[in-house]
Structure formats: C-alpha cells, structure tokens
There are 2 protein chains.
Amino acid sequence: MYNNLGDRKLSMLMDFYELTMANGYFANGMKDDIVYFDMFFRKNPDGAGFSIVAGLAQVIQYIKELKFTDDDIEYLRSKNLFKDEFLKYLKDFKFSGDIYAIPEGTPVFPGEPLLTVRAKTIDAQLIETMLLLTINHQSLIATKANRIVRAAKGRPIMEFGARRSQGYDGAIYGARAAYIGGVVGTATTLADEVFEVPALGTMAHSWVQMFESEYESFKVYAENYPDSCTLLIDTYNVIKSGIPNAIKVSKEVLEPMGKRLKGVRLDSGDIAYLSKKCRRMLDDADLKDCNIVASNSLDEFIITDLLDQGAKIDSFGVGERLITAKSEPVFGCVYKLVAVERDGEIIPKIKISENEEKITNPGYKKAWRLYDRDTNNPIADVITLSHETIDDSRPYTIFDEIHVWKKKRVTNFYVKNLQVPIFINGECVYESRNIHEIKKYCKNQVDNLWGEVKRFINPHSYYVDLSAELWNCKQNLINQYSFKDHK
Amino acid sequence: MYNNLGDRKLSMLMDFYELTMANGYFANGMKDDIVYFDMFFRKNPDGAGFSIVAGLAQVIQYIKELKFTDDDIEYLRSKNLFKDEFLKYLKDFKFSGDIYAIPEGTPVFPGEPLLTVRAKTIDAQLIETMLLLTINHQSLIATKANRIVRAAKGRPIMEFGARRSQGYDGAIYGARAAYIGGVVGTATTLADEVFEVPALGTMAHSWVQMFESEYESFKVYAENYPDSCTLLIDTYNVIKSGIPNAIKVSKEVLEPMGKRLKGVRLDSGDIAYLSKKCRRMLDDADLKDCNIVASNSLDEFIITDLLDQGAKIDSFGVGERLITAKSEPVFGCVYKLVAVERDGEIIPKIKISENEEKITNPGYKKAWRLYDRDTNNPIADVITLSHETIDDSRPYTIFDEIHVWKKKRVTNFYVKNLQVPIFINGECVYESRNIHEIKKYCKNQVDNLWGEVKRFINPHSYYVDLSAELWNCKQNLINQYSFKDHK
C-alpha cells in the first residue's frame with residue numbers, strides 16, 4: 001500500500017539557511033541549547049472570521065522519518081560550507097524534542113500558537129520549512145473547502161481540481177484537506193486509494209464526442225453504469241439535446257432495467273437559468289429524483305449567488321478555485337523563536353517590528369478555549385504562559401490587548417487546552433484520528449461557532465486575548481527593546 | 001540519488017472519470033480506436049503577452065513509469081464498477097501512443113497546441129490529469145518567474161517560497177520551473193540536490209535572536225562563513241543597529257581575515273527608503289562592494305516600483321508571490337479531443353460552446369513559428385493541419401481568425417515547427433536538455449520576442465493564426481453543428 005509520505009525523501013526539503021544556521025550553532029557550541037518556537041498566522045484568508053488547521057498527520061510522519069542519507073551528506077559536503085563534525089552529527093540525526101499542536105480540523109484564529117516546538121537549536125531549526133509548508137498548505141485548502149461547503153447549505157461538494165493544482169501533492173494532500181474541510185469526495189483517484197477520500201467521476205466531453213451521437217454516448221454509459229449514471233449534458237446544447245437525450249436514455253435503457261437516472265451535470269453556460277429549465281424538464285418526465293450537478297468555476301461566492309437566484313442544483317463540483325484557494329492562495333503561518341532556556345530557566349524572546357501586528361507573543365505558552373456551559377459555543381481563546389492555568393470554576397476576565405479597557409467577565413464556562421502533546425523527547429505520543437473522524441470533528445466544531453464569526457464578508461472578530469501575566473511579559477520586553485542600545 | 005518522480009507512485013493520480021470512461025471504451029470494443037488530443041491554454045496569466053511552457057521532463061518520466069500495481073488493481077476492483085477483463089488489461093498496461101510537444105522554456109501563446117497526443121482511446125484518456133497537472137503547474141511558475149526576473153532588469157532573483165507553497169511538489173518542481181523562468185537559485189535545498197537548481201541561504205531572524213546581541217550573532221556568522229557572509233539586518237532596527245553592527249563585523253572580523261562583507265538583507269520596512277540609506281552608510285564605510293538584498297512580499301510590480309523610486313537593491317529574494325503565482329495561481333491548460341481515426345482516415349472533432357473562445361481548433365495539427373530572417377524575432381505563429389507545410393522561400397499570408405480582412409503578408413522569414421516528437425509508439429524519442437540549457441534557451445527565446453509583447457500591462461497580442469485550410473475545416477464543422485439535430 002502507498003505509504004503516504006513514506007517512499008518520499010523529504011528530509012532535505014528545507015530552506016538552505018536552516019543548514020547554515022544549524023552548522024553555525026554546532027560550531028559555536030550551541031547545539032544542545034533548548035529553544036522554543038511557535039507556529040501561528042496573522043490573518044485569516046479571504047477576510048474570514050476563522051480558519052481550519054490541517055496537516056498534522058503529515059507533520060508527524062515527516063518528523064518520524066526525518067533522517068539524512070549518505071547521498072544527502074555527500075551533497076552537503078560538496079557545498080564546502082559545512083564542518084565535517086557537523087555532517088557527522090547530521091548523519092545520525094533524529095529529532096529529539098517536544099511538539100505540541102492543535103488537532104486537525106479545529107477552527108483556529110490569528111495569533112494563537114497552532115504548534116509549539118521545544119527542542120535543541122538544530123532540531124527546532126531544521127524542521128521549520130516542512131512544518132510550515134505542511135500546515136500552511138493543508139490549512140489553506142481545508143479553510144477554503146469549509147467556506148465552499150458552508151455556502152452550499154447542505155448540498156454536497158465534490159473536489160475536482162487535480163489538473164489545475166500546484167504540483168502532485170497539491171492534488172493529493174489538497175484532496176485530503178478539502179475532505180477535512182467538508183467536501184464529500186474528490187475526483188482524484190490516488191487520494192481515495194491513499195487517504196480514503198471517496199473518489200467519484202463519470203464522463204468528460206471527450207466521451208460524448210467519441211461517439212457518433214450524444215444519445216449513443218449516453219446509452220453506452222448507462223448500459224455500463226446503470227447504478228451510478230450521471231450524464232454530462234452540455235457538450236452540444238443542454239436544452240435542445242442534452243436533457244432530451246438524457247431523458248430518452250432513462251426511459252429506454254435505465255427504467256426497463258429497473259434503474260433510475262442518478263444525475264445530469266452542467267459544466268458551462270448560465271447555470272442558474274439552465275438548472276431551472278432542466279429541473280422542469282426532468283420533473284415533467286417523472287425524473288424528480290434525478291440530481292442536477294453543476295461544475296463551472298465555482299467558489300463560495302458564486303454558489304451563494306446561484307442559490308440566492310433559486311438555481312435548482314443538488315450538488316456542486318468545484319475545481320481550481322478550491323484546489324488552489326484561488327482568491328487567496330497563501331496561508332501565512334510563520335515560525336518564530338519565542339524563548340530560550342539558560343540554565344534551566346525559560347527566557348522569553350520577542351521579535352519587534354515597526355508593524356505592530358508583526359510583534360510576536362513571547363514565552364513558552366498555552367492556548368485555551370473557553371466554552372459556554374449551556375450552548376458549547378466557544379466564547380474566547382486565551383493565551384497564557386505555560387505555567388498558568390485557567391480555573392473554570394470561577395469567573396475569568398478577558399481584555400483586549402490594544403484597547404485594554406475593553407474587558408469581558410466570562411462566567412458559566414468550561415475551558416480546554418487547545419494544544420495536545422504530539423512528540424515528547426522525540427517520541428510520538430499522539431495517535432491521529434482517522435480522516436473521517438477528523439472531518440466529523442471539524443463539522444461539529446464549526447457548527448458550534450457563533451454564526452457572526454462565520455459570515456463570509458465582514459465577520460465578527462473572535463476574541464483571542466492574552467492573560468494578564470503574558471501581556472505584562474510582552475510589554476516589558478517591548479519597553480526593554482525600545483530603550484536598548486543594540487550592541 | 002533521488003530519482004525525481006521515480007520513487008513516487010503517481011499512476012493513480014488521475015481523475016476517476018478517466019477510469020470509468022476507459023472501462024466504458026473497453027467494454028464497448030473501442031479500446032483500439034485511435035484518437036487525437038491537444039493540450040492548449042486560452043489566456044496568459046496576469047494579462048501577459050506570452051507564457052513559458054515547462055514540465056515536459058516530468059511528463060516524459062511519468063509516461064515511462066506509468067503502470068498499475070496489484071494494489072492499484074485490487075483497489076479498483078473494490079469499487080465494483082470495473083469489468084474483470086478491463087482490470088486485467090490495466091494490469092499489463094503500458095502507454096503505446098505518440099506524443100509531440102513544444103520544448104520546455106519556449107515562449108508560447110494562447111490557442112496553440114503545447115502538446116498533442118495520438119493514441120488509443122484508453123491511453124489518451126488515462127494520462128489526461130497528469131499531463132495537465134504537470135504542464136499547468138510548471139508553466140504557471142516558469143511564467144511568473146520570468147515576469148519577476150524581467151522586472152528586476154538584470155538583478156538576480158532568488159526563489160524563497162517553499163514554506164508558503166501548495167504542497168511539497170509545489171516547492172520542489174516550483175523551484176525547478178522558477179529556475180527555467182530565470183531565477184538564479186532557490187532556498188529549497190532538495191531542488192538543488194535533485195535538479196541542480198543552486199540553493200543558497202544565510203540566516204533567519206531566529207539566528208539573530210538566539211544570541212545575546214545582534215553584534216554577537218553577526219560576528220559568529222562571519223567567523224563561520226567568511227566567504228559568503230550576508231547578514232540579516234532588520235531584526236531590531238536597520239539604521240540604528242543592523243547596519244552599524246554589519247559594518248563593525250566587516251571591520252573587526254572579515255577585513256582582518258582579508259575577506260569582504262558580501263551582503264546585507266532587508267526583510268521588512270520601507271525597502272526603497274531603507275536601501276538608499278543603507279547604501280550610503282555602506283559606501284561611507286568603504287563597503288561599496290557589499291550587496292543589498294531585499295525580500296518582503298515582492299513581485300514584478302513591486303520590484304518595478306522600487307527600482308523606479310531608485311531603491312538601491314542588488315538582488316531580490318521572492319517568496320509566496322512567486323511560488324504560488326499569487327496574483328493568478330492557475331494556468332488554464334485544457335486537454336481536448338480534436339480528431340478520431342476511422343478506417344485510417346483522420347476525422348476532425350470540434351467542441352462547440354456558447355462562449356466562442358471556448359470553441360476548439362479541430363483536427364490533427366502542427367504549430368509553426370515564423371521568424372524574421374534579419375532579427376530572428378518571431379513574427380507570428382501559424383497552426384495548420386498536420387499534412388500542410390509552410391514554405392519559407394515564398395511570402396506567406398496570415399489573417400485574423402475572426403476579422404478575416406485583417407491580413408499580413410510575411411516576407412523574408414524562416415519557419416520552425418514548434419512541436420517535436422517526444423514518444424512514438426510508446427517509445428521515448430526525445431532527450432531533454434539539462435536544466436541549465438533549458439534556462440539559457442528560455443532567456444534567449446524571450447530576448448528575441450518583440451518588446452511590445454513583453455509589457456506587463458496591456459501588452460501587444462502576438463499573432464497566432466490558422467492556415468486557410470484549418471480555418472475552413474473549423475468553419476465547416478461549426479456550421480454542421482449549428483444546423484444539426486442532435487439525436
């Protein structure tokens with residue numbers, strides 16, 4: 001069986017600077033220094049109110065399989081940049097740190113640590129690119145898929161985009177992430193074979209063109225697939241030819257076999273107009289149970305608009321705008337140093353920027369989600385230093401980081417830690433849920449979000465606040481840097 | 001050594017409908033029918049005047065390795081859709097057709113066949129997704145890279161985007177395509193090891209933060225990399241701290257060793273302002289040879305603007321906007337049936353659409369490029385039926401497909417066939433150039449294009465015309481369909 005990332009050699013998929021830095025830490029006697037890195041993002045794509053995190057299963061597999069082959073070492077040696085001792089160290093390298101992360105399928109918000117690494121300098125640095133790449137890509141697609149799925153208001157969405165995806169993995173892991181985000185299946189066969197994302201497909205225009213007539217092409221298809229017969233009806237003319245031929249095949253081929261025409265697919269033209277006209281023609285032919293599938297450059301906005309106009313569509317196939325997240329094709333997670341250990345003490349670090357939203361939250365931290373006890377709706381997320389706890393037996397006051405006078409006293413809530421341990425001392429301590437459970441968990445979590453956070457345009461900003469202790473720590477560090485002369 | 005696609009199992013990376021159609025052709029006795037498919041695109045991304053085609057080397061490798069394993073067959077059997085005889089046929093399947101394609105790195109234009117397949121129905125259908133995915137992805141990135149490279153007017157561009165790419169292959173093959181498009185190197189180590197795209201990298205902000213002071217971090221870096229010392233100067237404050245510390249390290253560490261500070265890198269703030277200020281400070285410190293590298297959300301438009309404002313930047317690092325082609329992240333190649341053979345005769349097929357630009361060019365065709373004999377500038381591309389030739393010893397008249405009165409008599413030209421044979425009867429007959437030659441070829445071809453075609457905004461539309469015979473063939477088919485009753 002296809003072993004996911006297993007037969008890939010991805011250990012060298014790293015920014016070259018990770019190697020020059022690692023070599024530097026090694027040479028400077030810093031290889032065993034313990035550091036803390038957070039992965040977080042600053043903005044939801046598409047101006048959304050939340051995102052869906054995904055990709056953790058692949059992060060786990062990557063970390064487990066991270067090692068450097070003799071070929072890799074020889075390649076690095078040929079660069080004449082790395083010390084022999086360092087290359088020897090790499091040869092036996094195995095990740096030995098701790099990783100905490102928010103499980104896949106969880107709705108997440110800007111500023112909170114999706115993943116935290118506590119590890120030796122070299123360990124933490126070498127995994128930067130693969131962690132970012134994996135989480136950025138799958139979170140991007142899961143988030144986009146979830147938007148499209150919600151726009152369809154219960155109608156199934158199929159993912160159809162492999163041919164327009166950005167590389168093979170764009171299609172394969174994209175289908176995985178889209179499934180987590182809520183699509184019912186994919187056109188990409190390999191994603192079914194590998195990840196159990198159900199694959200489905202019927203015919204292309206070329207099938208129809210390959211026969212002497214559209215009717216003949218439909219007839220042969222129906223004879224071969226009587227139980228799953230969905231016909232593509234727009235090769236010539238939907239109303240004059242496609243629908244009449246589909247109905248004829250239903251009557252002449254399928255119904256005599258005791259079968260039903262499962263669906264017709266529209267892939268061009270004005271979908272709203274055509275679907276209504278098709279619906280009427282199918283209904284008049286006693287084919288009320290025949291689904292109409294639409295699939296032409298769709299996304300959450302076009303689907304919303306089509307349904308708003310009363311389009312009679314039962315399910316959607318979505319291609320390039322989902323698999324590339326075309327409207328905003330980048331998920332912007334960053335990976336930042338937040339603390340170092342000196343003699344066992346955790347020393348918070350901050351990255352200052354002229355751009356205030358680019359200032360990092362320092363320190364080794366925890367992220368908490370506060371839920372309403374009656375409704376299970378998340379009320380707010382709070383980031384604290386790691387030694388803090390939030391006691392949900394008593395009221396808890398949250399406050400805005402910038403406008404600190406904006407306070408809210410939260411009562412009648414329960415609290416959960418968002419991150420869970422994934423690796424401890426290099427050993428994996430987490431078992432990923434299977435993909436169907438992740439998908440179900442995701443839907444459940446999104447269902448529980450306030451509706452206001454879920455608007456496509458101008459959603460409510462969910463609270464992600466800092467504890468008073470973390471806020472003070474951050475202000476102190478900012479003040480230190482503002483007055484420090486950098487030597 | 002990493003075998004490119006070799007250790008991947010990508011044969012099942014296909015749209016499921018390719019399998020249902022193939023099974024249908026098989027069951028209907030059509031498996032040995034010969035068909036012709038063209039791959040072409042309809043619009044240059046970003047409203048450009050041309051695109052760069054790339055990905056052929058991976059298409060070749062995929063076709064060579066295309067086969068179905070026992071696991072694949074068992075997976076398909078579990079779907080309860082495919083006939084046993086068909087699965088047996090797949091088990092021994094090997095691509096047996098012909099493929100012609102335009103070599104990688106060639107500037108190409110909407111409407112012309114980048115790749116043509118002549119094969120049995122099943123062979124031609126099963127490769128659809130992988131051909132499209134491969135060429136779409138790499139052409140997208142090569143085209144975007146070429147725009148960014150041209151904007152920099154000779155200053156080197158480094159590709160830095162792995163962490164924001166859409167999947168692992170987005171980074172790996174993206175770096176390959178970007179190199180073909182003209183970047184000098186990549187941050188992605190694996191792309192160097194596998195494809196010889198030179199990898200380069202220095203330090204992240206985390207390196208600087210890991211030390212007690214910025215100066216200390218620069219000093220250690222310079223001691224370790226005296227020959228390639230580029231320092232990241234914006235962790236704290238570029239002007240007050242970054243540049244003074246870089247100069248100090250140059251004077252105290254590098255110059256006593258007889259070395260020079262190679263560069264400083266700006267990754268935030270107003271790059272135009274900061275670069276000018278840095279340039280002056282470096283020059284005043286006798287570091288005129290120290291390069292200034294900039295790298296903050298750049299693309300062709302921002303680079304043009306920065307240079308227009310006199311920014312003192314010697315090279316650029318470009319990340320997410322290149323590796324995802326963020327401004328337009330989809331290259332829209334399609335794969336359309338253009339002819340079938342019946343009793344040895346080639347019968348042209350057309351796909352009609354309400355959208356006139358979606359009507360396909362029918363028939364088995366050739367694409368020609370006419371070059372000016374004196375300047376070597378391409379004058380026009382002409383698509384003909386495959387049996388036609390263009391005689392460059394005599395004047396040739398081209399005409400616009402829609403406004404047929406727009407004619408141009410071309411004289412003093414020579415002509416080349418754009419496509420070359422890649423596979424004949426399933427055997428590869430083409431040897432790919434190495435990547436450095438492809439890159440050089442690409443630059444040379446782009447240099448020869450008229451400047452008017454190369455404008456970023458509102459470029460001149462290069463002529464891609466049909467021969468009179470092809471034009472007539474197309475009009476006849478359109479007229480037939482307009483009057484035909486589809487049965």
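Residues numbered from 1 in each chain as written. Chains lettered and ligands numbered in written order. Predicted model: local features only at pLDDT ≥ 70, side-chain atom pairs only at ≥ 80, totals over all residues. Heavy atoms only, no water.

## Digging into the overall build of chain A
On a plain count of helices and strands, chain A comes out with 16 helices and 21 strands. Here chain A holds 487 residues, and 63% of them are scored as buried. Put simply, 74% of the contacts in chain A that link residues at least 6 apart link residues at least 24 apart. Accessible surface, chain A: about 18000 Å² in total, of which carbon and sulfur atoms supply 48%. Averaging the coordinates of the 63 positive side-chain charges in chain A and doing the same for the 68 negative ones gives two points 3 Å apart. (Helix = DSSP H or I, 4+ residues; strand = E, 2+ residues; numbered from the N terminus. Buried < 20%, exposed > 50% of the residue type's maximum accessible area, 1.4 Å probe, protein only. Contact = heavy atoms within 4.5 Å. Areas by Shrake-Rupley, 256 points an atom, 1.4 Å probe, with all protein chains shown as cover. Lys, Arg positive; Asp, Glu negative; His and termini not counted. Charge placed at Lys NZ, Arg CZ, Asp CG, Glu CD.)

## Points about the UniProt feature "domain: Nicotinate phosphoribosyltransferase N-terminal" (unreviewed entry) in chain A
Annotation from UniProt places "domain: Nicotinate phosphoribosyltransferase N-terminal" (unreviewed entry) at residues 12–136 of chain A. The distance from the first to the last C-alpha atom of residues 12–136 of chain A is 18 Å, and the span holds 42% helix and 17% strand. (UniProt positions renumbered as here; feature names shortened; annotations may be inferred.)

## A closer look at the UniProt feature "domain: Nicotinate phosphoribosyltransferase C-terminal" (unreviewed entry) in chain A
Here, UniProt's "domain: Nicotinate phosphoribosyltransferase C-terminal" (unreviewed entry) annotation points to residues 365–474 of chain A. Taken end to end, residues 365–474 of chain A comprises 19% helix and 35% strand; its first and last C-alpha atoms sit 12 Å apart.

## Let's talk about the relation of the copies chain B and chain A
When chain B is fitted to chain A, the best match, at an RMSD of 0.0 Å, comes from turning it 180° and sliding it 0.0 Å along the axis. What we have between these two chains is a two-fold relation. Mapped onto chain A, 100% of the interface residues of chain B again fall at the interface, so both copies present the same surface. (Least-squares fit on C-alpha atoms with pLDDT ≥ 70 in both.)

## Considering the pairing of strand 9 (residues 263–266) of chain B
Residues and elements named next belong to chain B. Of the two faces of strand 9, both are covered, the one formed by Gly263 and Arg265 as well as the one formed by Val264 and Leu266. Sheet topology places strand 8 (residues 230–232) next to strand 9; three bridges connect them, and they run parallel. Counted as the bridge partner of Leu231 is Val264 from strand 9. As a crossover connection, the stretch from strand 8 through helix 11 (residues 238–254) into strand 9 is right-handed. As defined by bridge partners, strand 9 adjoins strand 10 (residues 291–294) across four bridges and the pair is classed as parallel. Within strand 10, the residue paired with Gly263 across the bridge is Asn291. Following the backbone out of strand 9, through helix 12 (residues 271–284) and into the adjacent parallel strand 10, one traces a crossover that is right-handed. (Pairing = 2+ DSSP bridges. Right-handed = clockwise from strand over helix to strand, strands pointing away.)

## Overview of the interface of chain B and chain A
Between chain B and chain A, the contact holds 114 residues from the first and 114 residues from the second. Per-residue buried area on chain B facing chain A is highest for Arg163, Gln166 and Tyr168 of chain B; these three make up 11% of the total on that side. For the interface between chain B and chain A, the tally reads ten salt bridges. Arg163 of chain A serves as the salt-bridge partner of Glu18 of chain B, at 3.7 Å between the closest nitrogen and oxygen. The biggest single contributor to the side of chain B that touches chain A is helix 1 (residues 16–27) of chain B, with ten residues. The residue makeup of the side of chain B that touches chain A, split by class, is 54 nonpolar, 32 polar and 28 charged. (Buried area = accessible area lost by both parts, 1.4 Å probe. Salt bridge = Lys/Arg side-chain N within 4 Å of Asp/Glu carboxyl O. Nonpolar A, V, L, I, M, F, W, Y, C, P; charged D, E, K, R; others polar.)

## Describing the sheet that holds strand 7 (residues 185–186) of chain A
All names here are of chain A. Pairing is parallel across the open sheet formed by six strands, whose spatial order is 7-6-11-10-9-8. The sheet is open, and its two borders are formed by strand 7 and strand 8 (230–232), each paired with just one other strand. As defined by bridge partners, strand 10 (residues 291–294) adjoins strand 11 (residues 315–318) across two bridges and the pair is classed as parallel. Bridge pairing in strand 11 places Val293 opposite Ser315.

## What about the domain arrangement of chain A?
Residue and element names in this part refer to chain A. As assigned here, chain A comprises domain 1 (16–141 + 329–483) and domain 2 (151–323). Domain 1 and domain 2 are separated by 40 Å when their C-alpha centres are compared. Each partner contributes to the interface: domain 1 provides 17 residues, whereas domain 2 provides 21 residues. For the pair domain 1 and domain 2, the summed buried surface comes to about 1600 Å²; carbon and sulfur atoms form 65% of the total. Three residues, Ile141, Ile435 and Lys439, lead the burial of domain 1 against domain 2; their summed loss comes to 39% of the area buried on that side. Remark: the boundary between domain 1 and domain 2 carries one salt bridge. When the shortest N-O distance is used, the salt bridge between Glu104 and Arg176 registers 2.8 Å. The tally of links between domain 1 and domain 2 comes to seven residue pairs in polar contact (both at pLDDT 80 or more). Counting only elements with at least two residues in the side of domain 1 that touches domain 2, the list comes to helix 2 (56–65), helix 6 (128–151) and helix 15 (435–448). Among the elements that take part in the side of domain 1 that touches domain 2, helix 15 stands out by supplying five residues, more than any other. (Domains from an automatic or database assignment. Polar contact = N/O pair within 3.5 Å; in protein donor to acceptor, adjacent residues only side chain to side chain.)

## Section: the sheet that holds strand 11 (residues 315–318) of chain B
The strand order across the open sheet formed by six strands is 7-6-11-10-9-8 (chain B), and the pairing between neighbours is parallel. Every other strand in the sheet has two partners, leaving strand 7 (185–186) and strand 8 of chain B as the edge strands with one partner each.

## Examining the nonpolar core
Core analysis: the biggest nonpolar cluster contains 312 residues, and Val117 and Phe316 of chain A together with Val117 and Phe316 of chain B have the highest contact counts within it. Per element, the largest residue contribution to this core is twelve residues, and it comes from helix 6 of chain A. Leaving out residues up to four positions away in the same chain, Val117 of chain B has contacts with Val35, Tyr36, Phe37, Phe95, Asp98, Ile99, Ala124, Ile127, Leu131 and Tyr335 of chain B. (Core = buried A, V, L, I, M, F, W, Y, C linked by side-chain atoms within 4.5 Å.)

## Focus on the packing of helix 11 (residues 238–254) of chain A against helix 12 (residues 271–284) of chain A
All names here are of chain A. The contact between helix 11 and helix 12 brings their axes to 11 Å, and the two run at 35°. With respect to the hand of their crossing, helix 11 and helix 12 are arranged in right-handed fashion. Note on element contacts: helix 12 touches helix 11 through Leu274, Lys277, Cys278, Met281 and Leu282, opposite Val238, Ile239, Ile243, Pro244 and Ile247. Per-class residue counts for the contact of helix 11 with helix 12 are nine nonpolar, no polar and one charged. (Axes fitted to C-alpha atoms, helices over the stretch in contact; angles between N-to-C directions. Left-handed = near helix turned anticlockwise from the far one by under 90°.)

## Regarding the pattern of salt bridges
Taken as a whole, this structure holds 69 salt bridges over all chains when the rule is applied. Measuring nitrogen to oxygen at the nearest pair gives 2.9 Å for the salt bridge that ties Arg118 of chain B to Glu341 of chain B. Taken as a pair, Arg118 of chain B in strand 5 (residues 115–120) and Glu341 of chain B in strand 12 (residues 334–342) lie far apart in primary sequence, 223 residues in all. Overall, the relative accessible area of 23% leaves Arg118 of chain B in the partly exposed class. Between Lys251 of chain B and Glu255 of chain B there is a salt bridge; the shortest N-O distance is 3.2 Å. For Lys251 of chain B, a relative accessible area of 33% puts it in the partly exposed group. Here the residues in one salt-bridge network are Asp15, Glu18 and Glu128 of chain A together with Arg163 of chain B, joined through shared partners.

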